[in-house]
Amino acid sequence: MLAVYCSETDSDDPLRVLTIGDRPPPEASDDWTTITVKAASLNHHDLWSLRGVGLPDDRLPMILGCDAAGIDEQGNEVIVHSVIADRDWGGDETLDPRRSLLSERHQGTFAERVAVPRRNLVPKPPQLSFAEAACLPTAWLTAYRMLFIRGRVVPGMTVLVQGATGGVATALTVLGSRAGIRVWVTARSAHKREQALAIGADQAFEPGARVPERVDAVMETVGKATWAHSIRSLKPGGTLVLSGATTGDATPAQLSRIFFLQLSVVGSTMGTREELERLVQMLVGRSIRPAIQQTIPLARAREGFESMLSGELLGKIVFTAS
Ligand SMILES: NC(=O)c1ccc[n+]([C@@H]2O[C@H](COP(=O)([O-])OP(=O)(O)OC[C@H]3O[C@@H](n4cnc5c(N)ncnc54)[C@H](OP(=O)(O)O)[C@@H]3O)[C@@H](O)[C@H]2O)c1
């Protein structure tokens, strides 16, 4: 079957090891099943995988891709929850120390078919297209958990989103603004700032700009490039929710400011299957749709990776299969 995969990794030149070609179809055992993939969305995670982050050589070759929407063996339209917990794990699967995302231990979704645990399937409502549904399991679920579960943000608060046009950042902006939160963003170009305003941001600033007033919470995925600004922008008692570090680890950590202003720094990773179901309900109930920049056939996946690597994304890139 056609798949997007890597047989080696390269920390400096990730696109060198990106391969589009034939891979054996998956076999499902025990309580797993196979899905015919209709759409799968690109995440920064896929670039990290090509760089070898979280993907040691002994797991290669590996099909990339965390997210998918497709059709199960009974003909049902489904969304694939990407967090694979240990079979015996009973609680919040994001807290299972042995959890993995599809494409870390098990073959990923950038293929015509993918094997997943049955319990990881969520019904796809007819109101969402396969492409829209494929945006939810990683970027949108991460944003949902950052805002509403880990950040405990409520209507009327002001939230600063660092970065505006990436997958998680656009999800934060759309979900937050539709939930009655005043969303401020930073972005690296005027064009990106305009895009953020168009999808619901209340104000958009240049990176590092002084915000008009300190905010209740900051949503941080950029890391080193924005960390100091994030800490500086929080009001006393405010919360920084962190789910990524695209530009690297933060130095220095601004420890004095964190304890003196009694700030909370909260980590957040993906979300649970139950949260994915609630996110789907929120999208359907409020007619919210993911911001998709481009939908392209799987065979042309390299174009999507090139856009993400260049930092020129405006929302999600979706690959279509089958
Ligand atoms: N913990 C988790 O469960 C989880 C889940 C999803 C993602 N993540 C992580 O979150 C990060 C974002 O993922 P994604 O899929 O949304 O990536 P993406 O679509 O490639 O978006 C990248 C984002 O980073 C911003 N950015 C990049 N370089 C920057 C710089 N030098 N200065 C300021 N902003 C910069 C961009 O802002 P502009 O608008 O200015 O371009 C954009 O919003 C990744 O590191 C990913 O691994 C973690």
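Residues numbered from 1 in each chain as written. Predicted model: local features only at pLDDT ≥ 70, side-chain atom pairs only at ≥ 80, totals over all residues. Heavy atoms only, no water.

## Examining the sheet that holds strand 4 (residues 62-63)
Sheet strands pair via backbone hydrogen bonds, and the direction of the pair is either parallel or antiparallel.
Here is step 1 of the chain: The antiparallel open sheet is built from three strands, whose spatial order is 2-1-4. Taken across any chain shown, the strands that pair with only one partner, and hence form the sheet edges, are strand 2 (19-22) and strand 4.
Here is step 2 of the chain: Note: strand 1 (residues 2-6) against strand 2, four bridges, orientation antiparallel. Across the sheet, residue alanine 3 finds its bridge partner in strand 2, namely glycine 21. (Pairing = 2+ DSSP bridges. Helix = DSSP H or I, 4+ residues; strand = E, 2+ residues; numbered from the N terminus.)

## Examining the side chain of lysine 316
Here is step 1 of the chain: On the secondary structure map, lysine 316 appears in strand 18 (residues 316-320).
Here is step 2 of the chain: Look at lysine 316: it is buried, it has no salt bridge, and the nearest opposite charge is aspartate 67 at 4.3 Å.
Here is step 3 of the chain: Engagement of the side chain of lysine 316 in a polar contact is seen with the side chain of asparagine 43, the distance being 2.8 Å.
Here is step 4 of the chain: Once you skip the residues sitting within four places of it in the chain, lysine 316 turns out to touch Ser41, Leu42, Asn43, Asp67, Cys135, Ala139, Trp140, Gly167, Ala291, Ile292, Gln293 and Gln294. (Buried < 20%, exposed > 50% of the residue type's maximum accessible area, 1.4 Å probe, protein only. Lys, Arg positive; Asp, Glu negative; His and termini not counted. Salt bridge = Lys/Arg side-chain N within 4 Å of Asp/Glu carboxyl O. Polar contact = N/O pair within 3.5 Å; in protein donor to acceptor, adjacent residues only side chain to side chain. Contact = heavy atoms within 4.5 Å.)

## Some details on unusual backbone geometry
Here is step 1 of the chain: Residues leucine 60 and proline 61 are joined by a peptide bond in cis, for which omega reads 0°.
Here is step 2 of the chain: For the bond from threonine 251 to proline 252, the omega torsion is -10°, close enough to zero to count as cis.
Here is step 3 of the chain: Residue placement: proline 252 occurs in the loop between strand 15 (234-242) and helix 7 (255-260).
Here is step 4 of the chain: In the Ramachandran plot, aspartate 30 falls in the positive-phi region, its phi being about 50° despite a non-glycine side chain.
Here is step 5 of the chain: Looking at the element boundaries, aspartate 30 is found in the loop between strand 2 and strand 3 (32-41).
Here is step 6 of the chain: Residues other than glycine seldom take positive phi values, yet serine 287 does so here, at roughly 50°.
Here is step 7 of the chain: Its place among the elements puts serine 287 in the loop between helix 8 (273-285) and strand 17 (292-297).

## Quick look at the site of the ligand
Here is step 1 of the chain: Taken together, 28 residues lie around the ligand, and His44, Thr165, Arg188, Lys192 and Ser243 are the ones closest in.
Here is step 2 of the chain: Between the ligand and the protein, one listed contact pairs an oxygen atom with a side-chain N or O atom of arginine 188 at 2.7 Å.
Here is step 3 of the chain: Lysine 192 places a side-chain nitrogen or oxygen 2.6 Å from an oxygen atom of the ligand.
Here is step 4 of the chain: In the complex, 87% of the free accessible area of the ligand, which totals 920 Å², lies under the protein chains.
Here is step 5 of the chain: For the ligand, the cavity whose grid points lie within 2 Å of the majority of its atoms is the largest pocket.
Here is step 6 of the chain: At the level of elements, helix 1 (44-51), helix 3 (136-150) and helix 4 (167-178) are the ones that each hand at least two residues to the shell around the ligand. (Near = heavy atom within 4 Å. Areas by Shrake-Rupley, 256 points an atom, 1.4 Å probe, with all protein chains shown as cover. 1 Å grid on protein atoms, 1.4 Å probe; cavity = no way out; pocket = protein on both sides within 12 Å on 5 of 7 lines; lining within 4 Å. Sits in = over half its atoms within 2 Å of the grid points.)

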